[in-house]
Amino acid sequence: MAATFPALIQPRLLAALQASSVADLLPDGFMPSVDPAQNPQFGDYQTNAAMVLAKQAKKNPRELAAEIVEKFESDNLTETPEIAGPGFINFRLKKEVLEQRTLDLLADSDRLGVDKVADPKKIVIDFSAPNVAKPMHVGHIRGTIIGDSLSRVADFLGHEIISDNHIGDWGTQFGMILYGWKNVLDEKALEADPVPELLRVYKAINQLCEDEPELRETCKAELVKLQSGDEENLKIWEKCVEVSKIGLQKIYDKLDITFDHWLGESFYNDKLQPLVDDLLERKIATESDGAVCIFFPDHKKLADQPPAIIQKGDGGFLYATTDLATIDYRIKEFGADTLWYVVGIPQQLHFDQLFEASRMIGNDVELQFIPFGSILGKDRKMFKTRDGDTVQLDDVLNESVARAYKIVDEKNPDFPEEEKQEIARTIGIGAVKYSELSQFRLTDYIFDWDNMLALKGNTAPYLLNAYVRTRAIFRKMGSDFEGTDVITLTEAAETTLALKLAQYAEIVPMILSDFRPNTLATYIYELATTYHKFWEACPVLKADGDVKATRLALCELTGRVLKHALSLLGIQTTEKM
RNA sequence: GCGCUCGUAGCUCAGCUGGAUAGAGCAACGGACUUCUAAUCCGUAGGUCCCGUGUUCGAAUCACGGCGAGCGUGCCA
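Since the model is a prediction, treat every value here as computed from it, not as a measurement.

## Looking at the overall build of chain A
Turning to step 1, where the next piece is worked out: Each helix and strand counted, chain A has 21 helices and 13 strands in total.
Turning to step 2, where the next piece is worked out: Dimensions of chain A, computed from C-alpha atoms along their principal axes, come out at roughly 80 × 70 × 40 Å.
Turning to step 3, where the next piece is worked out: Counting over 577 residues, chain A shows a buried share of 53%.
Turning to step 4, where the next piece is worked out: Accessible surface computed for chain A: about 27000 Å², of which carbon and sulfur atoms make up 48%.
Turning to step 5, where the next piece is worked out: Here chain A holds 64 positive side-chain charges and 91 negative ones, and the gap between their average locations is 4 Å.

Here it is as structure tokens:
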């Protein structure tokens, strides 16, 4: 596949710069930036290179721009560049170039113009990671959906990606669960639907502990028994983990999310003591106030923060210990060279410490903390499971599907029942995912049903409707797209759409440069808008000859790109709605 | 106290490594369906980009200082 338009313009522009009076100022390996023009009136692409270099050369930017344009060899790629404003150079693609690109993209149905990365990595991605014995609530939705989307994008770009659900299956919550299991468990309720019953037990004991604090000691004793290998408690624990996993899997199935591994905290139990001993021996960790800690005296920020504790005074381990063991395992057993952690921003300090500790240990691995903002309750405070007033993730998904069904049923009362439900599932789940992925991941927001489940405006149904419209054409025509030898762009709406389609290849690689699926979401929204406008302006089936062939091709290609881009967000498509 | 993140239209949010007149959606108002799906399109209205200073030809964007919100901060995860 040919390079993207910026990648084609850049070397020509560089050659012009090297032939200009500022050639001496260009650093080795310099490549001028070429970006899509903000406003179509300026052209298709623009560069600010003249302004940047004029500054260094102490020249007039517009004069330098004129010199660059003079030396610019378009080689039939663009029209003569134009100079505008303070010194922008604007490029407009030749029509034939865009037409040829459209044909190329049609022939490239697998990749749609998107190249694989030159340096594929082996990446373990850690996301979702719910605690067992507690159902997922809305707070878990971000990491789960963002992590899944990043996995899909990385995979498509040619990385080897291994997803690992590092579930919390060994935490202190088991003290209360074990006590509750033995004292307040409703066996029948457990059999009927284990996850809510486990939550009830957890909440009940949590409440009891509030009322009579001495109960906490009893719970702690249960935890110690578990951790020292007590047979009865181990059995209960295993049962708990088993039923919880089944409950979690149901949610993941609804979300169409899978993991390569489920290596929870408990998996690393026998690796913790040797790790601590080793770090003590290597003087990376030291004893302090009875606990084993890692200090960071040379780190400019962490030096003033408390140490990372890897073993408690009572001999117990903490999540810093488990996470260090996990890094080690992922490097040695998975052969990973890169680890991604999609985790809430409150854990920033923990990961700063963890990564620094890993560096001190000498691990040769790239570590990437990909944080996301918090979902807050109406009181602007973070959701906390133990309070019990959180909204469960499953309820959100069900409500979303129900709302979508209502509209599907209104608009298409004649569709078979099963089809209506299938469409409602696609739209409902897609709406939740899109509302998350279309937002910058670090922004905090207050949970609001109507906001998260909106179906109007910049939402999943708008995008799905654009896809449905591409399919409606071929359904009406009575046959699938049969290919074309010629593309003739005449209307502005066609040109704009063709350019937008070509830019898919520019957008996808950008997602991983700063881990922002919302850049892709924005692109899909713009593509859908562009297509909807094309739809209004350009009749397809009533057209003839090359015009019709061109428009059919644009519909087909738009459908392919929409479907593919949505799949990178983990959103499924529907043929009708 | 120290540290992290955020602050943009009435509301919810975009705005990529500094670029041209700061953009969408919702809500409000006005238009367009005997037409390939109107879950659409077109138009009107809406702004002290939290405040201040600095760097720059140019700042919503970068730096510093405030203010506000949320979060973290030695034995939970």
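## As for the pairing of strand S6 (residues 160-164)
The two faces of a sheet get side chains in turn, since along a regular strand they alternate between them.
Turning to step 1, where the next piece is worked out: Counting buried positions over the five residues of S6 gives four, a clear majority of the element.
Turning to step 2, where the next piece is worked out: By the bridge criterion, five bridges tie strand S5 (residues 122-126) to S6 in an arrangement that is parallel. If you follow isoleucine 125 over to S6, its bridge partner there is serine 163.
Turning to step 3, where the next piece is worked out: Following the backbone out of S5, through helix H5 (residues 141-156) and into the adjacent parallel S6, one traces a crossover that is right-handed.

## Brief notes about the domain arrangement of chain A
Often, the extent of an interface is quoted as the loss of accessible area upon association of its parts.
Turning to step 1, where the next piece is worked out: By domain assignment, chain A separates into domain 1 (5-93) and domain 2 (393-568).
Turning to step 2, where the next piece is worked out: Each of domain 1 and domain 2 has a C-alpha centre, and these two points are 35 Å apart.
Turning to step 3, where the next piece is worked out: Counting residues at the interface gives six residues for domain 1 and four residues for domain 2.
Turning to step 4, where the next piece is worked out: With both sides pooled, the region where domain 1 packs onto domain 2 buries about 340 Å², and carbon together with sulfur makes up 62% of that total.
Turning to step 5, where the next piece is worked out: At the junction of domain 1 and domain 2, the tally comes to two residue pairs in polar contact (both at pLDDT 80 or more).

## Focus on the packing of helix H18 (residues 492-502) against helix H19 (residues 504-514)
Turning to step 1, where the next piece is worked out: Where H18 contacts H19, the axes come no closer than 5 Å and their chain directions differ by 35 degrees. Along its contact with H18, which presents Lys500, Leu501 and Ala502, the element H19 presents Tyr504, Ala505 and Glu506.
Turning to step 2, where the next piece is worked out: Of the residues that constitute the contact of H18 with H19, the class distribution is four nonpolar, no polar and two charged.

## Let's talk about the pattern of salt bridges
Turning to step 1, where the next piece is worked out: What the rule picks out here adds up to 30 salt bridges.
Turning to step 2, where the next piece is worked out: Residue lysine 182 pairs with glutamate 232 through a salt bridge whose shortest N-O separation is 3.7 Å. Taken together, the positions of lysine 182 in helix H6 (residues 173-183) and glutamate 232 in helix H10 (residues 231-255) put the pair 50 residues apart, joining distant regions of the chain.
Turning to step 3, where the next piece is worked out: Here lysine 420 and glutamate 417 are joined by a salt bridge, their closest N and O atoms 4.0 Å apart. Linking lysine 420 with glutamate 417, this pair stays in helix H15 (residues 417-437), spanning three residues, or about one helical turn.
Turning to step 4, where the next piece is worked out: With relative accessibility at 40%, the residue glutamate 417 sits in the partly exposed group.

## Topic: the protein's contact with RNA strand B
Turning to step 1, where the next piece is worked out: Near RNA strand B, the surroundings consist of 77 residues, among which Phe88, Glu265, Cys293, Lys312 and Arg469 are the closest.
Turning to step 2, where the next piece is worked out: The sugar-phosphate backbone supplies 62% of the atoms of RNA strand B found within 4 Å of the protein.
Turning to step 3, where the next piece is worked out: Between RNA strand B and glutamine 46 there is a distance of 3.3 Å, counted from a base nitrogen to a side-chain nitrogen or oxygen.
Turning to step 4, where the next piece is worked out: Among the elements of the structure, helix H2 (49-57), strand S4 (88-91), strand S8 (291-294), helix H14 (393-411), helix H17 (460-477), H19 and helix H20 (517-537) are those that each provide at least two residues to the surface near RNA strand B.
Turning to step 5, where the next piece is worked out: Among the elements that take part in the surface near RNA strand B, H17 stands out by supplying nine residues, more than any other.
Turning to step 6, where the next piece is worked out: Looking at side-chain class alone, the surface near RNA strand B contains 37 nonpolar, 20 polar and 20 charged residues.

## So, helix H11 (residues 269-281)
Turning to step 1, where the next piece is worked out: Buried residues of H11: Leu272, Leu275, Val276 and Leu279, and no others. Buried residues of H11, viewed axially, fall in a sector of 100 degrees; they line one side. Opposite the buried face of H11, by more than 90 degrees, sit the exposed residues Asp270 and Glu281.
Turning to step 2, where the next piece is worked out: In this structure, the buried side of H11 is in contact with S8, strand S9 (308-311), helix H12 (319-332) and helix H13 (348-361).

## As for the pairing of strand S10 (residues 338-344)
Turning to step 1, where the next piece is worked out: Among the seven residues that make up S10, seven are buried, leaving the element largely enclosed by the rest of the structure.
Turning to step 2, where the next piece is worked out: Judged from the four bridges that link them, S5 and S10 form a sheet pairing that is parallel. By the bridge assignment, isoleucine 123 is partnered in S10 with threonine 338.
Turning to step 3, where the next piece is worked out: Pairing of S10 with strand S11 (residues 366-372), which is carried by seven bridges, proceeds in the parallel orientation. Among the inter-strand pairings, valine 342 is bridged to a residue of S11, identified as isoleucine 370.
Turning to step 4, where the next piece is worked out: With respect to chirality, the unit in which S10 leads through H13 into the neighbouring parallel S11 is right-handed.

## A short note on the sheet that holds S6
Turning to step 1, where the next piece is worked out: Spatially, the four strands line up as an open sheet ordered S6-S5-S10-S11, and their pairing is parallel. Looking at strand neighbours, the two that pair on one side only are S6 and S11, the edges of this open sheet. When strand polarity is set aside, the average angle formed by the axes of neighbouring strands in this sheet is 20 degrees.
Turning to step 2, where the next piece is worked out: With respect to the sheet, H12 is in contact with S5, S6, S10 and S11, its orientation differing from that of S10 by roughly 145 degrees.
Turning to step 3, where the next piece is worked out: Where H13 meets the sheet, it contacts S10 and S11, and its direction lies at approximately 180 degrees from that of S11.

## Here's the deal with the packing of aromatic side chains
Turning to step 1, where the next piece is worked out: For the coordinates displayed, the defined rule picks out 22 aromatic pairs.
Turning to step 2, where the next piece is worked out: Consider the rings of tyrosine 341 and phenylalanine 351, whose centres lie 5.0 Å apart with planes at 50 degrees: the pair is tilted. One end of the pair, tyrosine 341, is in strand S10; the other, phenylalanine 351, is in helix H13, with 10 residues separating them in the sequence. Neither residue differs from the other here; tyrosine 341 and phenylalanine 351 are each classed as buried.
Turning to step 3, where the next piece is worked out: Counting every residue linked through ring pairs, the aromatic cluster contains Phe127, Tyr252, Phe259 and Trp262.
Turning to step 4, where the next piece is worked out: The ring of phenylalanine 267 carries lysine 271 above its face, with NZ or CZ at 4.6 Å from the centroid.
Turning to step 5, where the next piece is worked out: Directly above the aromatic system of phenylalanine 415 lies the positively charged group of lysine 576, at a separation of 5.5 Å from the ring centroid.

## With respect to the environment of phenylalanine 383
Turning to step 1, where the next piece is worked out: As for its placement among the helices and strands, phenylalanine 383 is situated in the loop between strand S12 (375-376) and H14.
Turning to step 2, where the next piece is worked out: Put simply, phenylalanine 383 and phenylalanine 447 are 64 residues apart on the chain and 9.4 Å apart in space, counted from C-alpha to C-alpha.

## So, the nonpolar core
Turning to step 1, where the next piece is worked out: Residues Leu150, Trp340, Tyr504, Val508, Leu520, Ile524 and Phe534 are the most contacted members of the largest nonpolar core, which totals 121 residues.
Turning to step 2, where the next piece is worked out: Residue-level mapping places this core at the junction of two domains, with at least three residues from each of domain 1 (5-93) and domain 2 (393-568).
Turning to step 3, where the next piece is worked out: When neighbours within four sequence positions are excluded, isoleucine 524 is seen to be in contact with Leu463, Leu562, Ala565, Leu566 and Leu569.
Turning to step 4, where the next piece is worked out: Val124, Ile310, Val365 and Leu367 belong to the second largest nonpolar core, which has 35 residues in total.

Definitions and cut-offs
- Residues numbered from 1 in each chain as written.
- Chains lettered and ligands numbered in written order.
- Predicted model: local features only at pLDDT ≥ 70, side-chain atom pairs only at ≥ 80, totals over all residues.
- Heavy atoms only, no water.
- Helix = DSSP H or I, 4+ residues; strand = E, 2+ residues; numbered from the N terminus.
- Buried < 20%, exposed > 50% of the residue type's maximum accessible area, 1.4 Å probe, protein only.
- Areas by Shrake-Rupley, 256 points an atom, 1.4 Å probe, with all protein chains shown as cover.
- Lys, Arg positive; Asp, Glu negative; His and termini not counted.
- Charge placed at Lys NZ, Arg CZ, Asp CG, Glu CD.
- Pairing = 2+ DSSP bridges.
- Right-handed = clockwise from strand over helix to strand, strands pointing away.
- Domains from an automatic or database assignment.
- Contact = heavy atoms within 4.5 Å.
- Buried area = accessible area lost by both parts, 1.4 Å probe.
- Polar contact = N/O pair within 3.5 Å; in protein donor to acceptor, adjacent residues only side chain to side chain.
- Axes fitted to C-alpha atoms, helices over the stretch in contact; angles between N-to-C directions.
- Nonpolar A, V, L, I, M, F, W, Y, C, P; charged D, E, K, R; others polar.
- Salt bridge = Lys/Arg side-chain N within 4 Å of Asp/Glu carboxyl O.
- Near = heavy atom within 4 Å.
- Arc of directions from axis to C-beta.
- Phe/Tyr/Trp six-rings, centres within 6.5 Å; stacked < 30°, edge-to-face > 60°.
- Lys NZ or Arg CZ within 6 Å of the ring centre and 35° of its normal.
- Core = buried A, V, L, I, M, F, W, Y, C linked by side-chain atoms within 4.5 Å.

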